Amino acid sequence: MLKTISIIFRVIIFYVLLWIRVPVALILQAVTSLSAMAFMVMLLVRGWSNALDVFWPLLAFSFGAFVLRWVYDGILMLVSPEELFLDI
């Protein structure tokens, strides 16, 4: 009985996360791309020292969005109702 409830819960969580994956991935990809591009523009406009001093949070924000997207996909794979075999 407990195993059945656990499987049903995993399936529900998996499909909810899968359903909202596209908007989450699009938003995080946009944040990653725009932050990195804004840093590169500021690097060209202000020079290396000024850009790095003032706009390094853009790089951190870009990397954070990338990591968050990666973690989201990892959680999605963990709660998958079927075993996933990744060929590396």
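What you see is a predicted model; the values in this text were computed from it and never measured.

1. Let's talk about the overall build of the protein chain
Looking only at helices and strands, the protein chain has 3 helices and 0 strands in total. Over its C-alpha trace the protein chain gives a radius of gyration of 19 Å, far above what one expects of a compact globule, namely 12 Å for 88 residues. Out of the 88 residues in the protein chain, the part that is buried amounts to 17%. Sequence-distant contacts in the protein chain: of pairs separated by 6 or more residues, those separated by 24 or more amount to 68%. Approximately 7100 Å² of the protein chain is accessible, and the part contributed by carbon and sulfur atoms is 77%.

2. Overview of the environment of Pro57
Following the sequence through the fold, Pro57 ends up in helix α3 (residues 48-78). Look at Pro57 and you get partly exposed, because its relative accessible area is 41%.

3. Observations regarding the packing of aromatic side chains
Under the definition given, this model contains 2 aromatic pairs. Seen from their ring centres, Phe14 and Tyr15 are 5.2 Å apart, and the 75° between their planes marks the pair as edge-to-face. Under the relative-accessibility criterion, Phe14 is labelled buried at 13%. Judged by centre distance (6.3 Å) and plane angle (35°), the ring pair of Phe63 and Phe66 falls under tilted. Here Phe63 pairs with Phe66, and both are found in helix α3, just 3 residues apart, close to one helical turn. On the basis of relative accessibility, which here comes to 48%, the residue Phe66 falls in the partly exposed class.

Conventions used here
Residue numbering note: each chain is counted from 1, following its sequence as written. Residues qualify for local features only when their pLDDT is at least 70, as the model is predicted, and side-chain atom pairs are given and counted only at 80 or more; totals for whole chains, interfaces and linings, by contrast, use all residues. Heavy atoms from the whole structure form the basis of all side-chain values; hydrogens and water molecules are not counted. Strands here mean DSSP runs of E at least two residues long; helices mean DSSP runs of H or I at least four residues long; both are numbered from the N terminus. Here the radius of gyration uses the C-alpha set of atoms, whereas the globule reference equals 2.2 Å times the residue count to the power 0.38. Partly exposed residues are those whose accessible area sits between 20% and 50% of the maximum for their type, while under 20% is buried and over 50% is exposed, using a 1.4 Å probe and protein chains only. Residue contacts are counted whenever heavy atoms from the two residues lie within 4.5 Å of one another. Method for areas: the Shrake-Rupley scheme with a 1.4 Å probe, in which residue coverage is limited to the protein chains shown. For Phe, Tyr and Trp, rings pair up if their centres lie within 6.5 Å, where Trp contributes its six-membered ring, and each pair is then called stacked (planes under 30 degrees apart), edge-to-face (over 60) or tilted (otherwise).

Any functional reading would require information beyond the geometric quantities listed.
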